Amino acid sequence: MLNLIKLANNNFLSSLDTSREEVIYLLELAKKMKDGEMQHIELKNKVLGLIFDKSSTRTRVSFQVAMSRLGGTTIDLNPTTSQIGRGEPIKDTARVLSRYCDALAIRTFNHSDLEEYAKWSTKPVINALTDLEHPCQALADFLTIHEEFSSFKNVVLTFIGDGNNVANSLILCGSLLGVELRIACPKGYEPSPLVIEKAMELNNNSHNLLKIMNDPQEAASGASVIYTDVWSSMGEEHNKESKDKSFDGFTVDENLLSKTNKGSIVLHCLPAYRGQEITDEIFESEKNRIFEQAENRLHVQQALLACLIN
Ligand code: CP
């Protein structure tokens, strides 16, 4: 049994809003919740507001189910049917909603808009994905990795694809946990320089823990985990055809998997474009832990909500 703690930060906008100890605690709590061991934790009568400026299946539904399992509820604040879509200032929306809701989970484009919500909200704000970070996803990813290997020691996590929000949060959360990370992307598609700088600070400037590479074969060599995501994120559809051409050679396929360690696993945060960033054969192979990873969104968010709204 674990005692419930309150996180030091009121918000979860970035993977760096938690300390290393808090991430380890959240993963442990999530695992216990998954195993049905923490059923006394309740958020009865608490309400989570969901503001999603972009489509979502996993994030939206896992937050809704997490609140339901904790005895609370969610309100889906669709921007097109609320005044958000009309352009009501974020600072007004945040001040109003935080008088009704006990926390807000927000998916939007600009990370600065999320920070603006957090600045004006008196209740916790959770990043449900921005162009910069996807920290809830990273928590689920590291829970999945820990379940597989029982430790982060000797794990080599290789992300193949665009240096996007998912890559940024893997870098930050992985650096907190001391996991060896390799990010393989075409030149020009590297993760945020600011994120790399922060991770290097956490790693005491050790280039052994974080490597940004342009050769996917080299990055896959000896890896324990191969992780990929779509090459063009939501909002980049207009540029997809030309962007996809830059990723020639970055498809996760059998040849790439043959370079990895025996016992390696494959992750994808979903949704996937089979035949682009990953072949159907590898997606459906016995190495896939993609649906365990998707399930773990629910458990880590349940743990996060319990620690933020109490
Ligand atoms: N991985 C993820 O965030 O999925 P959704 O876009 O469906 O929420």
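How each quantity is defined
Residues numbered from 1 in each chain as written. Predicted model: local features only at pLDDT ≥ 70, side-chain atom pairs only at ≥ 80, totals over all residues. Heavy atoms only, no water. Near = heavy atom within 4 Å. Polar contact = N/O pair within 3.5 Å; in protein donor to acceptor, adjacent residues only side chain to side chain. 1 Å grid on protein atoms, 1.4 Å probe; cavity = no way out; pocket = protein on both sides within 12 Å on 5 of 7 lines; lining within 4 Å. Sits in = over half its atoms within 2 Å of the grid points. Helix = DSSP H or I, 4+ residues; strand = E, 2+ residues; numbered from the N terminus. Buried < 20%, exposed > 50% of the residue type's maximum accessible area, 1.4 Å probe, protein only. Contact = heavy atoms within 4.5 Å. Axes fitted to C-alpha atoms, helices over the stretch in contact; angles between N-to-C directions. Parallel < 35°, antiparallel > 145°, perpendicular 65-115°, else oblique. Nonpolar A, V, L, I, M, F, W, Y, C, P; charged D, E, K, R; others polar. Phe/Tyr/Trp six-rings, centres within 6.5 Å; stacked < 30°, edge-to-face > 60°. Pairing = 2+ DSSP bridges. Right-handed = clockwise from strand over helix to strand, strands pointing away. Points joined across faces, edges and corners; volume = space filled by probe spheres on them.

Participant: So what about the site of the ligand? Which residues, and what values?
Facilitator: Near the ligand, the surroundings consist of Ser-56, Thr-57, Arg-58, Thr-59, Arg-107, His-134, Gln-137, Cys-269, Leu-270 and Arg-297. At 2.9 Å from an oxygen atom of the ligand is found a side-chain nitrogen or oxygen belonging to Arg-58. Given that more than half its atoms are within 2 Å of the pocket grid, the ligand belongs to the largest pocket.

Participant: Help me get a handle on the environment of Lys-211, residues and values and all.
Facilitator: Mapped onto the fold, Lys-211 is located in strand S7 (residues 210-213). Judged by relative accessible area, Lys-211 falls into the partly exposed class, the value being 30%. Sequence separation of Lys-211 and Gly-72 is 139 residues, and the distance between their C-alpha atoms is 42 Å. With residues up to four places along the chain from it excluded, the contact list for Lys-211 reads Glu-180, Leu-181, Arg-182 and Ile-183.

Participant: Could you give me a rundown of unusual backbone geometry, with the residues and numbers involved?
Facilitator: At the junction of Leu-270 and Pro-271, the peptide bond is cis and its omega measures out at 0° in the coordinates. Its identity is not glycine, yet Asn-154 carries a phi of approximately 70°, on the positive side. Take Asn-154: it is sitting in the loop between helix H5 (135-149) and strand S5 (156-160). Residue classification places Asn-154 among the exposed positions, given a relative accessible area of 69%. In this structure, Asn-204 is a non-glycine residue whose phi angle is positive, near 50°. Looking at the secondary structure, you find Asn-204 in the loop between helix H7 (193-202) and S7.

Participant: Hey, could you go over the packing of helix H6 (residues 165-177) against H7 for me, with residue numbers and the actual values?
Facilitator: At a minimum axis distance of 9 Å, the contact between H6 and H7 shows a crossing angle of 10°. Classified by the interaxial angle, the pair formed by H6 and H7 is roughly parallel. Here H6 contributes Asn-168, Ile-171, Leu-172, Ser-175 and Leu-176 to the contact with H7, which in turn contributes Val-195, Lys-198, Ala-199 and Leu-202. Within the contact of H6 with H7, the residues separate by chemical class into six nonpolar, two polar and one charged.

Participant: Summarise the packing of aromatic side chains; cite the residues concerned and give the values.
Facilitator: Applying the stated criterion to the full structure yields six aromatic pairs. Ring geometry for Phe-142 against Phe-152: centres 5.9 Å apart, planes inclined by 80°, an arrangement best described as edge-to-face. Taken as a pair, Phe-142 in helix H5 and Phe-152 in the loop between H5 and S5 lie far apart in primary sequence, 10 residues in all. Residues Phe-142 and Phe-152 agree in their burial class; the two are buried. Relative to Tyr-227, the ring of Phe-159 lies with its centre 5.5 Å away and its plane at 45°, an arrangement referred to as tilted.

Participant: So what's going on with the pairing of strand S1 (residues 47-52)? Which residues, and what values?
Facilitator: By the criterion of burial, S1 is predominantly enclosed, with six of the six residues buried. Both faces of S1 are covered, namely the face carrying Val-47, Gly-49 and Ile-51 and the face carrying Leu-48, Leu-50 and Phe-52. Both S1 and strand S2 (residues 73-76) contribute to a ladder of four bridges, which runs parallel. Within S2, the residue paired with Val-47 across the bridge is Thr-73. The parallel pair S1 and S2, bridged by helix H2 (residues 58-69), forms a crossover whose chirality is right-handed. Both S1 and strand S3 (residues 103-107) contribute to a ladder of five bridges, which runs parallel. In the strand pairing of S3, Gly-49 is matched with Leu-104.

Participant: Could you give an account of the layout of surface pockets, with specific residues and numbers?
Facilitator: It is a probe the size of a water molecule, rolled over the atoms, that shows where empty space is left. What the largest pocket holds in volume is close to 430 Å³. Contributing to the lining of the largest pocket are 26 residues, with Arg-107, Val-230, Met-234, Leu-270 and Pro-271 lying nearest its centre. Going through the elements one at a time, H2 and H6 are the ones with two or more residues in the lining of the largest pocket. Going through the elements one at a time, helix H1 (20-34) and helix H12 (290-308) are the ones with two or more residues in the lining of the second largest pocket. Class assignment for the residues of the lining of the second largest pocket results in four nonpolar, four polar and two charged.

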